[in-house]
Amino acid sequence: MGIVVGIDASRNRSGGAKAHLAGILGAGNPAEHGVSAVHVWSYRGLLDALPDAPWLTKHNPPELEGSLLTEALWQLHSMPGEVRRQRCDILLSPDAGTIGSFRPSVVMSRDMLSYEPGEMERYGLSKARLRLQLLRYIQARSLRRADGVIFLTQHAAQVIQGVTGRLPRVAVIPHGVGETFRRAGSHSSWPANGERDIRCVYVSNAELYKHQWFVVEAIGELRRRGYRVRLTLAGGGAGAARRRLDEQIRLTDPQGTFVTSIGAVRHSEVPDVLAAADLFIFASSCENMPNTLVEAMASGLPIACSDRGPMPEVLQEGGVYFDPEDSGSIATAIEKIIADNALRVVIAQRAQARSAQYSWTRCARETWRFLRESAGALV
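Here is a short report on the structure shown in this document. The shown structure was predicted, so the numbers you read here are calculated from the model rather than taken from an experiment. Every residue gets a number counted from 1 within its own chain, in the order that chain's sequence is written. Given that the model is predicted, a residue must reach a pLDDT of at least 70 before its local features are reported, and side-chain atom pairs must reach 80 or more before they are shown or counted; all residues, however, enter totals for whole chains, interfaces and linings. Heavy atoms from the whole structure form the basis of all side-chain values; hydrogens and water molecules are not counted.

A word on the overall build of the protein chain. Each helix and strand in the protein chain was counted, giving 14 helices and 13 strands. Computed over C-alpha atoms, the radius of gyration of the protein chain comes to 22 Å, within 12% of the 21 Å expected from 2.2 N^0.38 for 379 residues, which places it in the range of a compact globule. Sorting the 379 residues of the protein chain into buried and exposed places 54% on the buried side. The contact rule is simple, with two residues in contact once any of their heavy atoms fall within 4.5 Å. Within the protein chain, counting contacts between residues at least 6 apart in sequence, those at least 24 apart form 68% of the total. Every accessible area reported is derived by Shrake-Rupley at a probe size of 1.4 Å, with residue values counting cover from the shown protein chains alone. Counting only carbon and sulfur atoms, one obtains 49% of the accessible surface of the protein chain, whose full area is about 16,300 Å². Under the scheme used here, helices are H or I runs from DSSP no shorter than 4 residues and strands are E runs no shorter than 2 residues, and both carry numbers assigned from the N terminus. The globule rule used here is 2.2 Å times the number of residues to the 0.38 power, and the radius of gyration it is set against is calculated over C-alpha atoms. A simple rule labels every residue: compare its accessible area, found with a 1.4 Å probe on the protein chains alone, to the largest value its type can have, and call it buried under 20%, exposed over 50%, or partly exposed in between.

Here you go:
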């Protein structure tokens, strides 16, 4: 007889968290991996986006439609009883910020800002930094108490366990990438003989660790070197990072001729954004799992990429690397891709081939198996 799995998705608010839950529930059959039933607790907006299946039951406590406080109180006081009433053998918390007390449990680690050396310092003495420090405490406690922990990359597993200490039961299970990215691909042909500008794109919200302003500066430098390049920035953002980005755009492209910021885009629109580009840039210095990088890999674009965090682990030899806090380094990496046709073709092919390893079928299979093994180890 298979086990019954509960999933506390009350905190699944980010795009990556939502895509992950839809991915593992929609790919494959949990029964093949020893899971007979799955119960998910979440807010209505997320539950409605999840697939329907005979083995899946969706629960929508009213507290999860309220404030962060009511959500936390539900997680702390009500959730354990609800999970027990459904006879769940193990609970998956897809966010390490959980304060729930149900055991046995498997917790997934998604955040890196609180752990990557030097990243919290970017926020100075601020509420944002205080929040990150609090999250670090809550998450480390949650990870230590869990009966199993899922990391998304080897890099994350190594760095975070440097804080928590060695955790007894760990799996590295990366997210998948939607088939829409593989099917769409990059349909644009590389501009020959300067027939048009080379279209670069960076898809990410403006954050202090995303370094969009250095990318803008690099594009300006490339134009001074004589390259016809333009940049599209897709993603929202606010606060200090947004102000710094807007100021750099004004300094680098005061006439608004070659840098375009299109703001936030829905995840369903990202394949079209990538398909309209010639080259993808990823300049983040801190990621747990760089989802937009993997999506660009699947789309078949040549990639200029940050050399920090898990990016070399994920992309490997499928891109040209740069220091994300050095506009000259970024410009040189992009120039190598533009100037070397053979290199450009090879790295795009390598990246696209490597993206095949990031599938929701694999993610679902390994997740259900780890949950089954974790529950069995505690019997």
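Moving on, there is more to tell.
Note: two strands are recorded as paired if DSSP finds a minimum of 2 bridges between them. Reading across from one edge, 3-2-1-4-5-6-7 is the order of the seven strands in this open sheet, with parallel pairing throughout. Strands at the two margins of the open sheet, each flanked by one partner only, are strand 3 (56-59) and strand 7 (170-172). Strand after strand, the sheet turns through a mean of 20° between neighbouring axes, direction not considered. Here strand 1 (residues 3-8) pairs with strand 2 (residues 35-41) via six bridges, running parallel. Residue Val 4 lies in a different strand from strand 2, and its bridge partner there is Ala 37. Interaxial angles span 0 to 180 degrees and are taken between N-to-C directions of axes, which are lines fitted to C-alpha atoms, for helices over the stretch in contact.

The next thing to look at is the sheet that holds strand 9 (residues 229-234). What the six strands build is an open sheet, ordered 10-9-8-11-12-13; its pairing is parallel. Either end of the sheet is taken by a strand with one partner, and the two such strands are strand 10 (259-263) and strand 13 (320-322). Pairs of neighbouring strands in the sheet enclose a mean axial angle of 20°, with direction left out of account. Taken together, the six bridges between strand 8 (residues 198-203) and strand 9 define a ladder with parallel strand orientation. Among the inter-strand pairings, Arg 199 is bridged to a residue of strand 9, identified as Arg 230. Packed onto the sheet, helix 12 (residues 327-339) meets strand 8, strand 9, strand 11 (279-282), strand 12 (303-306) and strand 13 and runs at close to 170° relative to strand 13.

Turning our attention to the packing of aromatic side chains. Geometry of aromatic contacts follows a simple scheme: Phe, Tyr and Trp rings, the Trp one being its six-membered ring, pair when their centres are within 6.5 Å, and the pair is stacked under 30 degrees between planes, edge-to-face over 60, tilted otherwise. Evaluation of the coordinates by the stated rule reveals three aromatic pairs. A centroid spacing of 6.1 Å and a plane angle of 75° characterise the contact between Tyr 202 and Phe 282, whose relative ring orientation is edge-to-face. Of this pair, Tyr 202 sits in strand 8 while Phe 282 sits in strand 11, and the two are 80 residues apart along the sequence. Overall, the relative accessible area of 1% leaves Tyr 202 in the buried class. Residue classification places Phe 282 among the buried residues on the basis of a relative accessible area of 0%. The interplanar angle of 50° and the centroid separation of 6.4 Å between the aromatic rings of Trp 213 and Phe 214 together place this pair among those described as tilted. Grouping residues by exposure puts Trp 213 and Phe 214 together as buried.

Below, the discussion takes up the packing of helix 7 (residues 212-224) against helix 8 (residues 239-252). Here helix 7 crosses helix 8 at 10°, and the two axes come no closer than 8 Å. Viewed along their axes, helix 7 and helix 8 adopt a mutual orientation that is roughly parallel. From helix 7, Gln 212, Trp 213, Phe 214, Val 216, Glu 217 and Gly 220 reach across to helix 8, where they touch Ala 241, Arg 244, Leu 245, Gln 248, Ile 249 and Thr 252. Three classes are used, and their members are as follows: Ala, Val, Leu, Ile, Met, Phe, Trp, Tyr, Cys and Pro are nonpolar, Asp, Glu, Lys and Arg are charged, and the others, Gly among them, are polar. Per-class residue counts for the contact of helix 7 with helix 8 are six nonpolar, four polar and two charged. Orientation labels follow simple angle bins: below 35 degrees gives roughly parallel, above 145 gives roughly antiparallel, 65 to 115 gives roughly perpendicular, and whatever is left gives oblique.

Ranked by internal contacts, the top residues of the largest apolar core, which has 110 residues, are Ile 7, Leu 25, Val 38, Val 40, Phe 280 and Leu 293. Apart from residues no more than four positions distant in its own chain, Ile 7 is found in contact with Leu 21, Leu 25, Val 38, His 39, Val 40, Trp 41, Leu 91, Leu 92, Pro 94 and Trp 368. Here the nonpolar core consists of buried residues drawn from Ala, Val, Leu, Ile, Met, Phe, Trp, Tyr and Cys, with membership extended through side-chain atoms lying within 4.5 Å. Listed in part, the 10 residues of the second largest apolar core include Ala 37, Trp 74, Val 83 and Cys 88.

This next bit is on unusual backbone geometry. With an omega of 0°, the peptide bond running from Arg 103 to Pro 104 counts as cis. On the secondary structure map, Pro 104 appears in the loop between strand 4 (90-93) and strand 5 (105-108). Even without glycine at this site, Arg 87 takes up a positive phi of about 55°. Among the structural elements, Arg 87 can be located in the loop between helix 3 (68-85) and strand 4. Look at Arg 87 and you get exposed, because its relative accessible area is 69%.

Here a salt bridge means any side-chain nitrogen of Lys or Arg lying within 4 Å of a carboxyl oxygen belonging to Asp or Glu. All chains considered together, the criterion is met by 24 salt bridges. Salt-bridge contacts for Arg 224 lead to Glu 221; the nearest nitrogen and oxygen are separated by 3.1 Å. Linking Arg 224 with Glu 221, this pair stays in helix 7, spanning three residues, or about one helical turn. Take Glu 221: its relative accessible area is 26%, and that puts it in the partly exposed class.

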